[in-house]
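Chain by chain, the residues:
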Amino acid sequence: MRVRRSVPTSLLAGLAATALVLPLAGQAGAADPGARAAAPARGTAHMGMGVLKHDGRGATASGGVSALAAQTEGVDVASHQGNVAWSTLWNSGVKWAYVKATEGTYYKNTYFTQQYNGSYNVGMIRGTYHFATPDTTTGTAQADYFVNNGGGWSKDGRTLPGVLDIEWNPYGATCYGKTQSGMVTWIRDFLNRYKARTGRDAVIYTATSWWKQCTGNYSGFAATNPLWIARYASEVGELPSGWPYYTMWQYTSSGPTVGDHNHFNGDLSRVQALANG
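Here is what the cut-offs are and how they apply
- Residues numbered from 1 in each chain as written.
- Predicted model: local features only at pLDDT ≥ 70, side-chain atom pairs only at ≥ 80, totals over all residues.
- Heavy atoms only, no water.
- Helix = DSSP H or I, 4+ residues; strand = E, 2+ residues; numbered from the N terminus.
- Contact = heavy atoms within 4.5 Å.
- Areas by Shrake-Rupley, 256 points an atom, 1.4 Å probe, with all protein chains shown as cover.
- Polar contact = N/O pair within 3.5 Å; in protein donor to acceptor, adjacent residues only side chain to side chain.
- Disulfide = S-S within 2.5 Å.
- Buried < 20%, exposed > 50% of the residue type's maximum accessible area, 1.4 Å probe, protein only.
- Core = buried A, V, L, I, M, F, W, Y, C linked by side-chain atoms within 4.5 Å.
- Arc of directions from axis to C-beta.
- Phe/Tyr/Trp six-rings, centres within 6.5 Å; stacked < 30°, edge-to-face > 60°.
- Lys NZ or Arg CZ within 6 Å of the ring centre and 35° of its normal.
- Axes fitted to C-alpha atoms, helices over the stretch in contact; angles between N-to-C directions.
- Left-handed = near helix turned anticlockwise from the far one by under 90°.
- Nonpolar A, V, L, I, M, F, W, Y, C, P; charged D, E, K, R; others polar.

Peer 1: Give a detailed account of the overall build of the chain, specifying residues and quantitative values.
Peer 2: Looking only at helices and strands, the chain features eight helices and nine strands. Long-range contacts, defined as pairs at least 24 residues apart, comprise 70% of the intrachain contacts of the chain with a sequence gap of at least 6. If you sum the accessible surface of the chain, you get close to 13,100 Å²; carbon and sulfur atoms cover 53% of it.

Peer 1: Requested: an account of the side chain of Asn262, with residues and values cited.
Peer 2: Counting through the fold element by element, Asn262 comes out in strand 9 (residues 261-264). Polar side-chain contacts of Asn262 include one of 3.0 Å to the side chain of Trp228.

Peer 1: Would you mind going over the state of the cysteines in detail, with residue names and values included?
Peer 2: Inspection of the entire model under this criterion finds one disulfide. Residue pairing for Cys175: its cysteine sulfur links by disulfide to Cys214, the two sulfurs lying 1.9 Å apart. Measuring the twist about the S-S bond at about -75°, one finds the Cys175-Cys214 disulfide to be left-handed. With a gap of 39 residues between them, Cys175 in the loop between strand 5 (163-165) and helix 6 (180-198) and Cys214 in helix 7 (residues 208-215) connect regions that are remote in the sequence. What makes Cys175 buried here is its relative accessible area of 14%.

Peer 1: So, the nonpolar core: which residues are in play, and what are the values?
Peer 2: Counting residues in each nonpolar core, the largest one holds 66 residues, and the members touching the most others are Trp96, Tyr98, Ile166, Ile187 and Trp228. Counting residues per element, this core draws most heavily on helix 6, at seven residues. Those residues within four positions of Tyr98 in sequence are excluded, and the remaining contacts are Val75, Asp76, Val77, Gly127, Thr128, Tyr129, Leu160, Pro161, Val163, Val203, Trp228 and Met248.

Peer 1: Can you break down helix 8 (residues 268-276) residue by residue, with the values?
Peer 2: Residues of helix 8 that are buried: Val271, Leu274 and Ala275. Seen end-on, helix 8 carries its buried residues on one side only, within an arc spanning 100°. Against the buried residues of helix 8 lie strand 1 (72-77), strand 2 (96-103), strand 4 (125-131), strand 8 (248-252) and strand 9. One or two positions beyond helix 8, positive phi appears at Gly277, with a value near 75°.

Peer 1: Go over the packing of aromatic side chains with me, naming the residues and quoting the values.
Peer 2: Counted under the stated rule, the structure contains 15 aromatic pairs. Their ring planes at 20° and their centres at 5.0 Å tell us that Phe112 and Tyr116 sit as a pair that is stacked. Of this pair, Phe112 and Tyr116 both sit in helix 4 (residues 112-121), separated by four residues, roughly a single helical turn. Across the pair, exposure class does not vary: Phe112 and Tyr116 are buried alike. Taking the centre distance of 6.3 Å and the plane angle of 70° together, the rings of Trp211 and Phe221 count as edge-to-face. Linking Trp211 in helix 7 with Phe221 in the loop between helix 7 and strand 7 (227-230), this pair joins segments that are 10 residues apart in sequence. Note on Trp211: relative accessible area 0%, which makes it buried. On the basis of relative accessibility, which here comes to 6%, the residue Phe221 falls in the buried class. Ring pairing ties together the aromatic residues Trp96, Tyr98, Tyr205, Trp228 and Phe264, which thus form one cluster. Positioned above the aromatic ring of Tyr116, the side-chain terminus of Arg126 is 3.9 Å from the ring centre. The cationic tip of Arg200 hangs over the ring face of Trp153; the distance from NZ or CZ to the ring centre is 4.8 Å.

Peer 1: With reference to specific residues and values, describe the packing of helix 5 (residues 139-148) against helix 6.
Peer 2: Relative orientation of the contacting elements helix 5 and helix 6 amounts to 40°, with a least axis distance of 7 Å. For the pair helix 5 and helix 6, the sense of crossing is right-handed. Along the contact surface, helix 5 presents Gly139, Thr140, Gln142, Ala143, Asp144, Phe146, Val147 and Asn148, while helix 6 presents Trp186, Asp189, Phe190, Arg193, Tyr194, Arg197 and Thr198. Looking at the contact of helix 5 with helix 6 residue by residue, the classes come out as six nonpolar, five polar and four charged.

This is the structure in structure tokens:
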């Protein structure tokens, strides 16, 4: 004869309480190792911040493009680098620099003056870049904000054309909620407005994998806009469609003094030629 044993009421209560606090399968709880990290604060984005996460370091894609014999070293900086030791960089061989000026239509680099004027004062050829957020405002509005807050150009032989930094969204969906055609339109609006305001074609900074995913590997800007490619490897690898060569290559985020280091595809006279337009 089977004997039934009753479960104490206190034990049933304890089990019920435990069930209330345990997350269901697939839910992200406080102790869930797969829980998504909080997005960074708006304004903290900077050139190349998504490269390691999405492309990694060291690997190269097929179809690499050869560099010219001469390369000129440069750096790019943003507010997270604070006051930059420009003399140290100059003495190490860095001859050009790009400084983040703006992001979206809501952020201006708080260290802009020290970084932009400091690079110029030690002898560098320098320019500025805009971190694009196509999900916040139009390309036209962001080009205006950029030009109005440090993104202008003058033919003084020391000022490089502005850069559109268009890459992975650090705050949300990779392609900013845009379709591929919608992204191309946004980029075109920015570039057209920048050209109308400054007389120069902006440089496009991007990574090949992002460009393929978010623009469908669109080739229509290659004839007018210089390419600044991001890839942390010993070779530049595959370029986005249409560009037969790169103008600049961000090859590391772990360089001395300032992490983000770049090669200009040519000697210093080619850097000066880009500055002069």
